[in-house]
Amino acid sequence: MLDTYIVIGGGIGGLVVANRLSEDPFVSVLVIEAGELDDGAEDVSASGNVGFEDPRRYEVKVVMAAQEFLDGKAGVLSQGKAVGGSTIVNGLVWTRGFVADFDAWEHLGNPGWGWSGLLPYFQKNESTREAPICVHPLRTHGEQGPVEVGYPNYYYNQSYNFLDGIQELGIPVNEDCNSGNATGATIAPSSMTTKNRSRSDARTAYLDRVLERKNLHLVTGYTVTRLLYDDDGTASNSTYVPGGTGLNILGIEFAVNSTASRVTVACNREVILAAGAVFSPVLLQVSGIGPAKLLRSLGVDVAIDLPGVGSNLQDHPTLQPVYEYTSPDLFSAWDIVGNTRDAVRREYLANRTGPWTAPMVNAVAFTALAWVTDRLQEVLDEATNATNNLPPSYDSTLRAGYAAQKSELISLRARNNTSAYEVMSTSWGQLAVSAMQPFSRGTIQAISSSFFENSSTLIDPRFCSHPVDCKLLLLALTFNDRLIQTSPMAALIPVPPPGFGIADARNQTALDEVMKKIIVSGIHLSDTTSMLLLDLGGVVDSSLKVYGTRNLRVVDAGIIPLIPGAHIQAAVYAIAEKVWCRHYQGRKLGDVSRHKTVIVEIERSCYIVISSSRAIGCMSVGVNLDQTLLYVCRIRLSVARTQFPQFLLPYVFIVNIALRDVMKRTRDASNM
């Protein structure tokens, strides 16, 4: 019988894991996605349309609670709802974050999840070409990954005004913002195809090319409503052991809508929850896994009392002021209307050049706190001593976890090689600013025991519940005020929005009041099923297994323990690649119950076949050329049984590199 896996959600995490698992012909993978396949229309695919078209057919709206620490008003947030998830509708910006960001994950009790442990998986998922401002080779990037990362064939002149203005303020240009130190101004890469200069998303990167696999199945338009399980005991440690104790997930229940009949499907290996940082915790909660008090209030039987589910919510609070450029003869994306739009469209379709290759944001700056204030220690002291205003639902474990995170945040803000905030420039004068690693924490809570009644899930990011977050945004606005007065930016004749003028910036109290009315989500919701120790409020362990379960894993932005100083799509791709290589492959190859063979397709009609047996401690490696198996080597190793799985954990990444030359020589020889 085949090993069967169910993947809930067809976004980044779900599609990466489904692709990699289904490389093994001895498993069967089912992906269930509530959205549909996108139509690939220009409003979604053309980079230049990002931010100007309305892709609401691929989005779902969720309610944001009234923001107590801002202006007291509620709001609405959008999340991607399509095969590919939010990568179908996001802004394309491709930034990884900082070395110290990810090392902090490791400091919080997650061995192997620091920068050095994640870098191979950042490289594995991407195919990057060099930046236009780069004068040195890019040494930390992948060249053959599924996601194409690149740059437009057109740049608005205003991007260079921005870069020059930043330098006039003493902040350097950064050749490669994805090297692990992103501080400085840069042209940020985008998830963009090299050939067409169009959106490169999770669907095109990880699904379309493998949909013909007979062991990979996709169901669209259906929503998973509940996890099905039995329970033969509880487990405080979620490390998978065949036959171990804990909640055993038997399968799932799903339906097309709230009135339709429910369908159930079973699996014999694992359920992988990848519904995103909003809906993954909600599905856990309505299935009985979460804070017991909340579950009982919903009338849900408590299967596992796990306080961290839906807590530790983090986001990048963002301001989007427009300093309208009024210089005569200036051309911006706002001018692409009427006949000009027709001409731009024709150029794009004919040559894949011109303004439609340029995404809304490509010139950005990441600024260290010490670069923008001479009161660094004062800010750090306030961050340390200010009242936390944590959600009242937080128990002692969540408060302990926050204390550990806060210690890391203070350390990060004190450094010169991490960023306090990001400035994002557009061609028409928007200078958006985002606080990169806020001190505030929020919650996501189900409001009904029925998953379908949670479309208006109560999301409460609690922006500026820690006062330093708003102070950082005020510093960013003050920086904008200085920036528009530099000679390169002044040449654009920027006109600040009401309340954000040069004189307004001197009245910090008034500016703070205006600012709090327009703070929005950066749409980087994360951390709601955090990878933290159980006594720090964690939901998953470092293998992403949910505490107290045998066979339930979460693979999406929710597992992030501390949001990085970056747009988060690159990190989520790396997370999914890492968990597959490190845990799924390690377990399968190390399973004592039987001999396993794994077939990995490297390119069309070219495979690596790895056959392993823990009992005899040997590995066979072969190459398939046009369906003819040719063994090029056989390696017999004397490896202790306890070491054998660890030896093979990164086998795909290593063997792909080690055998590529051998494969090429063998193929050439076969054609002689």
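The structure presented is a predicted model; accordingly, all values stated were derived computationally and were not measured. (Residues numbered from 1 in each chain as written. Predicted model: local features only at pLDDT ≥ 70, side-chain atom pairs only at ≥ 80, totals over all residues. Heavy atoms only, no water.)

Can you explain the sheet that holds strand E6 (residues 147-150)? Please cite residues and give values.
Taken in spatial order, the three strands of this open sheet run E5-E6-E8, and their pairing is mixed. The open sheet has two free edges, formed respectively by strand E5 (126-128) and strand E8 (190-191), since each of these has just one partner strand. Where E5 and E6 come together, three bridges link them in parallel fashion. By the bridge assignment for E6, glutamate 126 is matched with valine 147. Across the sheet, helix H4 (residues 115-125) lies against E5 and E6, angled at about 70 degrees from E5, the strand it touches most. (Pairing = 2+ DSSP bridges. Helix = DSSP H or I, 4+ residues; strand = E, 2+ residues; numbered from the N terminus. Contact = heavy atoms within 4.5 Å. Axes fitted to C-alpha atoms, helices over the stretch in contact; angles between N-to-C directions.)

Can you tell me about the state of the cysteines, naming the residues and giving the values?
This model, assessed by the stated rule, comprises one disulfide. In this model, cysteine 464 is linked to cysteine 470 through a disulfide, with the two sulfur atoms separated by 2.1 Å. Disulfide cysteine 464-cysteine 470: the torsion about the S-S bond is 95 degrees, which places it as right-handed. Each of the two residues, cysteine 464 as well as cysteine 470, counts as buried. (Disulfide = S-S within 2.5 Å. Buried < 20%, exposed > 50% of the residue type's maximum accessible area, 1.4 Å probe, protein only.)

Describe H4, and please don't skip the residues or the numbers.
Within an α-helix, residues lying three or four positions from one another point in the same direction, as the helix has 3.6 residues per turn. Among the eleven residues of H4, eight are classified as buried, and the element is accordingly described as predominantly covered. Every buried residue of H4 is listed here: Trp115, Gly117, Leu118, Leu119, Tyr121, Phe122, Lys124 and Asn125.

Before we move on, can you summarise the packing of aromatic side chains with the specific residues and values?
Within this structure, the stated rule accounts for 16 aromatic pairs. Here phenylalanine 102 and tryptophan 105 contribute two aromatic rings whose centre-to-centre distance is 5.0 Å and whose plane-to-plane angle is 75 degrees, an arrangement assigned as edge-to-face. Of this pair, phenylalanine 102 and tryptophan 105 both sit in helix H3 (residues 99-107), three residues apart, roughly one helical turn. Accessibility assignment for this pair places phenylalanine 102 and tryptophan 105 in one class, buried. Relative to phenylalanine 479, the ring of tyrosine 421 lies with its centre 6.3 Å away and its plane at 65 degrees, an arrangement referred to as edge-to-face. Here the residue tyrosine 421 occupies a position in strand E19 (residues 421-425), and phenylalanine 479 occupies one in helix H13 (residues 467-483), the gap between them amounting to 58 residues. With respect to burial, tyrosine 421 and phenylalanine 479 carry one shared label: buried. Pairwise contacts between aromatic rings join Phe102, Trp105, Trp115 and Phe122 into one cluster. The ring of tryptophan 113 has lysine 578 sitting right over it, with the charged end atom 5.2 Å from the ring centre. (Phe/Tyr/Trp six-rings, centres within 6.5 Å; stacked < 30°, edge-to-face > 60°. Lys NZ or Arg CZ within 6 Å of the ring centre and 35° of its normal.)

Can you lay out the pairing of strand E13 (residues 270-273) for me, pointing to particular residues and giving the numbers?
Of the two faces of E13, the one lined by Glu270 and Ile272 and the one lined by Val271 and Leu273 are each fully buried. Sheet topology places strand E1 (residues 3-8) next to E13; four bridges connect them, and they run parallel. Paired with tyrosine 5 across the bridge in E13 is glutamate 270. Here E13 pairs with strand E24 (residues 552-554) via three bridges, running parallel. Directly across from isoleucine 272, in E24, lies its bridge partner arginine 553.

The values are spatial; any link to function lies outside them.
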